[in-house]
Amino acid sequence: MTISAPVAMHMLPSRLRTLGPIAIGLVLFLFGLWALHHLLLTIDLAHVIARARATPPMVLIGALAATAVGYIAMIGYDWWALQYLGKSLPPRTVALGGFLGYAFGNTVGISVLSGGAIRYRIYSAAGLNAFDVAALSSYVAIAMGIGLTLVGICALAIHPAVLAQILPVSVSTVQLLAIATAVIVFTGALWLSVTEKTLHLGRHDIAMPAPRVLFGQLGVAALDCAMAAGTLWLLMPIGTPPFISFVAIYAAAAMIGILSHVPGGVGVFETVVITALPASVPVGDAAAALLLFRVIYFLVPFALAFTIVLVNEARLAGGWATRLFGEVSTPMRPIATALSVVVPRLSGAAVLGLGFWFLLVAMMPPLQHISDEVDLVGAVLAEGGTLILALSGVLLIVLSHALMRRVRLAYLLTLAAIAAATVAVLIDGMNIEPAVLSVLALLALLPFRSSFHRRARLTEGVFSPLWIALVIGLLAAAGAFFFLAHKAVPYSNALWLDFTSASATPAALRAGLLVSALLLGFLLYLALRPARAALPAAAQVSDEDVLQILRAQPDPQGWLALTGDKNRVMNTDGSAFVMFATRRNYRIVLGDPLGATDPARALAWEFHEAARRDGATPVFYEVSERHLPLWIDMGYTLHKLGEEAVVNLQEFSLSGSKFKTMRAEYNRAQRDGRQLELCTPPHSDSLLDALEEISDAWLAGQKGAEKGFSVGRFSREYLNQCELALIRCDGRILCFANLLGDPGAVRMGIDLMRYRPSDSDGVMQFLFLSLIEALKERGTSQLSLGLAPLSGLSDHPSARLTSRFGNLIFRHGRAFYNFEGLRRFKQKFRPNWQARYIAIPPGASPYLALAEIALLISGGARNLLSKD
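Figured I'd write up the structure that's included with this text.

Conventions and cut-offs
Residues numbered from 1 in each chain as written. Predicted model: local features only at pLDDT ≥ 70, side-chain atom pairs only at ≥ 80, totals over all residues. Heavy atoms only, no water. Helix = DSSP H or I, 4+ residues; strand = E, 2+ residues; numbered from the N terminus. Buried < 20%, exposed > 50% of the residue type's maximum accessible area, 1.4 Å probe, protein only. Contact = heavy atoms within 4.5 Å. Expected span 1.5 Å × (residues − 1). Patch = residues over 30% accessible without salt bridge, like charges linked within 9 Å, V, L, I, M, F, W, Y side chains within 5 Å. Areas by Shrake-Rupley, 256 points an atom, 1.4 Å probe, with all protein chains shown as cover. Salt bridge = Lys/Arg side-chain N within 4 Å of Asp/Glu carboxyl O. Phe/Tyr/Trp six-rings, centres within 6.5 Å; stacked < 30°, edge-to-face > 60°. Pairing = 2+ DSSP bridges. Axes fitted to C-alpha atoms, helices over the stretch in contact; angles between N-to-C directions. Parallel < 35°, antiparallel > 145°, perpendicular 65-115°, else oblique. Left-handed = near helix turned anticlockwise from the far one by under 90°. Nonpolar A, V, L, I, M, F, W, Y, C, P; charged D, E, K, R; others polar. Polar contact = N/O pair within 3.5 Å; in protein donor to acceptor, adjacent residues only side chain to side chain. Core = buried A, V, L, I, M, F, W, Y, C linked by side-chain atoms within 4.5 Å.

### Re the overall build of the chain
Here comes step 1: Looking only at helices and strands, the chain features 30 helices and 14 strands.
Here comes step 2: Going through the 868 residues of the chain one by one, you find that 50% of them count as buried.
Here comes step 3: Restricting the contact set of the chain to residue pairs at least 6 apart, pairs at least 24 apart contribute 76%.

Following this line, the structure appears as structure tokens:
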């Protein structure tokens, strides 16, 4: 569906908040790349690789051991975070969630595969809700940052001269500032922990955990930082400063890498470390150590974590893995199943890295001596192998984005591209090591085939600022690597026409040109292609099409698609739909995507991508917890709106002392002649005339005009598709409500509720009780009483500002609406309270979105508080 809407000026700050970190991160990455390239101009790439390969085995074992201890220590962050939150999980669940979170998050370093997303999958399957996991992830991020900073400051206080080369102050000043900062921070943290007080700094509140948790967390941070620094220190050449001094260098480089927003701090971290080392340390040897550090501390844990997910997926599928490792135990099965959801993004990230590595291999000069003899066959094979390898690398970079979106064609093309790259590296000089890695990558992706089921265009949603920045960064890194690898060969135009096998530079030069042309051409194609809608027009979706889906799914909220004030978008096979309305630059979907789970989630992706392509902001309003994994996958943030009251009809009873007063009022109303009548559609004109009179009388006593979008409005067409509940007394209608759901559904809902102001005394309570009894006798299992806005929002100091502000309005906002009174009324029926959320895409403001939704529901600013 293509709906054009101008980008409102008030959305510019939101766009800047989205683009700002991306642009800053790209600029800092390019600057770090330039600085690193400048520092490495004097080295020989062959020497660096030879130096890395010559590292003594005992040093490698020591570095691997330090890495293992470091990752075990990092699991302690999660353990102490759970202690702080008062939650308990089995140790093996914490170990799995912590290790996978750090292994993937540290290596990839971007939100598509962040540690928080991995933890959500595992910990939510173990019983934590989304907000518990969000609080845990925030705690871990803050604890790691503070711990790394404090360890670095303490190391700097002991050996202040180590950063003298990069700090514009004297050594004594550095030491004094480090000691003062360490004392202030430690003393302040301990005081806040012991006294349980909160420090208010502007809009931020700082509180510390209990002393036991605080000291445990500091111990974990010290061990984590020491092991990470120790891994690199063991690999460094002779002349490196002592370990304690080196910890300060490592901490400073790591913090600058984190603050740069560059994924993994690549380029920035290395630049700071090399700059801070003494001049006596050979730059080439230091570069070899940093290369090995990246492999051991980042890629080895990533590969191990990838293997864990691979084996998990194979065990769930049965076959050889089940025979070899056994079936997944019953307690771990929910976690193993939840872990399967990360497969597409994990595969996409791995394929992206593999594609970039293929580009580097294509541009790398051979490490062995090349014969001066003219070999036509060898020249042709080398040229073809280099170009095929470069082409495969570009294709994998492009396909990685589609893999993350579960596109089936992307998966098949990825396998073909890796197979082609394997052949290419073999014919280009029999490079056995890259060929073995390619084969392993191909075999690792095979068990994941069931995770890629979407049939969508490969380039859907690719044209995004983050993806463009990523491609530019990869091109820049590949270019820097090419110039570094071939700096010894002077440039001349004759290189372009040199097809002999005497030198690898001409082939690498042509491969670099091919890579640049393909990627830049692809970006140009994305920028200039006409916008095409992936969704059918709303007018093509009939009520009958919608009703077929509504009758097969349990959520009665979906029946609001029949009100006539929303657009409906259905997928191509008619198995799922969403209902939405447009307000300014927002496309606001009401409720969950409806239909079978997989088609509904695929349609949510298509809606998101179509809105983004048209320059609009997609928002999903009043979503339940059913599709929480989907919103995490899409990168959305969730803000709690309130809670839906759902009565379990088969357990409801008016007996007992708790219902004594309500039971007496209900019996008295029955004696007075009040009774319930259920009317199935279609309804007579005379009945609708009577109901319209009641509706008009009710509206006359309300603030504001008739509302819509998330609630029904009086419409004959709408009510003629719904079952009606009437309360009569001596034949006269006192009140009515329309029911959401098919009469035979297991779950029903109440929407429009209207009564005569003169008959308001207890009539709605009688309607609810009578309806509960009638539906219970009919076999209905649940009845939704609707949303209690702002109910259940947290007022904890660490909660989001939206939650705390909403809780404040809930308790003190009676001048606007009696939120607390509505909750109390519905609570009388002892419902189960189920959370409802608003899902916001990255960079969008929840306050602006909620303001536009409020105006959409009310029909505009003029109708918000008055009818005129």
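### Overview of helix 17 (residues 432-445)
Here comes step 1: If you check helix 17, its first and last C-alpha atoms are 20 Å apart, about what 14 residues at 1.5 Å a residue would give, namely 20 Å.
Here comes step 2: All of the buried residues in helix 17 are P434, A435, S438, A441, A444 and L445.

### Remarks on the environment of V213
Here comes step 1: Tracing the sequence through the fold places V213 in helix 8 (residues 211-235).
Here comes step 2: Overall, V213 belongs to the buried group, its relative accessible area being 5%.
Here comes step 3: Expressed as a C-alpha distance, the spacing of V213 and S193, which sit 20 residues apart in the sequence, is 9.3 Å.

### Structural notes on a nonpolar patch on the surface
Here comes step 1: A surface patch of nonpolar side chains, amounting to about 780 Å² of accessible area, comprises I388, V423, L426, I427, I432, V436, V439, L440, L443 and L446.
Here comes step 2: The set of elements that each furnish at least two residues to the nonpolar patch consists of helix 16 (408-427) and helix 17.
Here comes step 3: The element that contributes the greatest number of residues to the nonpolar patch is helix 17, accounting for five residues.
Here comes step 4: The class of V423 is partly exposed, set by a relative accessible area of 47%.

### A word on the packing of aromatic side chains
Here comes step 1: Enumeration over the complete set of coordinates arrives at 27 aromatic pairs.
Here comes step 2: On the numbers, 6.5 Å between centres and 35 degrees between planes, the contact of F302 with F306 is tilted. You can see F302 and its partner F306 sitting in helix 11 (residues 283-317), four residues apart, about one turn around the helix.
Here comes step 3: Note on F302: relative accessible area 12%, which makes it buried.
Here comes step 4: Note on W357 and F358: the rings are 5.8 Å apart at their centroids and 40 degrees apart in plane angle, and the pair reads as tilted.
Here comes step 5: Overall, the relative accessible area of 27% leaves W357 in the partly exposed class.
Here comes step 6: In this structure an aromatic cluster arises from ring pairing among Y71, F99, Y250, F269, F293, Y297 and F298.

### Things to note about the pairing of strand 10 (residues 723-729)
Here comes step 1: Of all seven residues that make up strand 10, six are buried, and the element is covered over most of its length.
Here comes step 2: Bridging between strand 9 (residues 674-679) and strand 10 involves six bridges; their strand directions are antiparallel. Looking at the pairing, R674 lines up with C729 of strand 10.
Here comes step 3: With seven bridges joining them, strand 10 and strand 11 (residues 732-740) adopt antiparallel strand pairing. Bridge pairing in strand 11 links A725 to A737.
Here comes step 4: Hairpin remark: strand 10 followed by strand 11, antiparallel, with two residues in the connecting loop; positive phi at D730, about 55 degrees.

### Focus: the packing of helix 14 (residues 343-363) against helix 17
Here comes step 1: Where helix 14 meets helix 17, the axes come as close as 12 Å, and the angle between the chain directions of the two elements is 160 degrees. When the axis of helix 14 is compared with that of helix 17, the two are roughly antiparallel. Crossing handedness for the pair helix 14 and helix 17: left-handed. Facing S347, V351, L354, W357 and F358 of helix 14, the residues of helix 17 in contact are P434, L437, S438, A441 and L445.
Here comes step 2: Considered class by class, the residues forming the contact of helix 14 with helix 17 number eight nonpolar, two polar and no charged.

### A look at the side chain of T67
Here comes step 1: Mapped onto the fold, T67 is located in helix 3 (residues 57-85).
Here comes step 2: In this structure the side chain of T67 is engaged in a polar contact, spanning 2.9 Å, whose partner is the backbone oxygen of A63.
Here comes step 3: Not counting the four nearest positions on each side in its chain, T67 is found in contact with T231, I296, Y297 and P301.

### Remarks on the pattern of salt bridges
Here comes step 1: Summed over the entire model, instances satisfying the criterion amount to 15 salt bridges.
Here comes step 2: Two residues, E852 and R584, come together in a salt bridge whose shortest N-O distance is 3.2 Å. With E852 in helix 29 (residues 846-858) and R584 in the loop between strand 4 (576-583) and strand 5 (586-590), this pair connects stretches of sequence that are 268 residues apart.
Here comes step 3: Among the residues examined, E852 registers a relative accessible area of 8% and is labelled buried.
Here comes step 4: A salt bridge links E692 to R716; the shortest N-O distance between them is 3.0 Å. Taken together, the residues span a long stretch of sequence, with E692 in helix 24 (residues 685-700) and R716 in helix 25 (residues 716-719) at a distance of 24 residues.
Here comes step 5: What you see here is one network of salt bridges that share partners, running through D555, E644, R747 and R836.

### Observations regarding the environment of L445
Here comes step 1: Relative to the helices and strands, L445 resides in helix 17.
Here comes step 2: Using a relative accessible area of 5% as the deciding quantity, one classes L445 as buried.
Here comes step 3: The contacts of L445, once residues within four sequence positions are left out, are S347, V351, Y411, T414, L415 and I418.

### Examining the nonpolar core
Here comes step 1: In this structure, L100, Y250, F269, F620 and W631 are the most contacted members of the largest nonpolar core, which totals 159 residues.
Here comes step 2: Those residues in contact with W631 that sit more than four places away from it in its chain are D592, P593, F620, V623, S624, Y636, L638 and A839.

### A few points about the packing of helix 16 against helix 17
Here comes step 1: Where helix 16 contacts helix 17, the two axes come as close as 8 Å, and the packing angle between them is 160 degrees. By the angle class used here, helix 16 and helix 17 are roughly antiparallel. In this structure, the crossing between helix 16 and helix 17 has a hand that is left-handed. Here helix 16 contributes Y411, T414, L415, I418, T422, V425 and L426 to the contact with helix 17, which in turn contributes I432, P434, A435, S438, V439, L442 and L445.
Here comes step 2: Of the residues that constitute the contact of helix 16 with helix 17, the class distribution is 11 nonpolar, three polar and no charged.

### Quick look at the environment of S138
Here comes step 1: Among the structural elements, S138 can be located in helix 6 (residues 130-158).
Here comes step 2: S138 gets classed as partly exposed once you look at its relative accessible area, which sits at 41%.
Here comes step 3: Sequence spacing of S138 and A81 is 57 residues, and the spatial spacing of their C-alpha atoms is 9.3 Å.

### Observations concerning unusual backbone geometry
In most cases, non-glycine residues show a negative phi, while peptide bonds are predominantly trans.
Here comes step 1: Of the consecutive residues P681 and P682, the connecting peptide bond is found in the cis state with omega at 0 degrees.
Here comes step 2: Relative to the helices and strands, P682 is located in the loop between strand 9 and helix 24.
Here comes step 3: The backbone of R584 sits at a positive phi, close to 55 degrees, despite the residue not being glycine.
Here comes step 4: One non-glycine residue with positive phi stands out, namely R830, at about 50 degrees.
Here comes step 5: Tracing the backbone shows R830 in the loop between helix 28 (819-827) and strand 14 (832-840).

### Observations concerning the pairing of strand 14
Here comes step 1: In terms of burial, strand 14 is largely enclosed, as seven of its nine residues are buried.
Here comes step 2: Alignment of strand 7 (residues 617-623) against strand 14, held across three bridges, turns out to be antiparallel. The residue of strand 14 that forms the bridge with V623 is Y837.
Here comes step 3: Relative to strand 14, strand 8 (residues 637-648) runs antiparallel, the two sharing nine bridges. Paired with K640 across the strands is Y837, a residue of strand 14.

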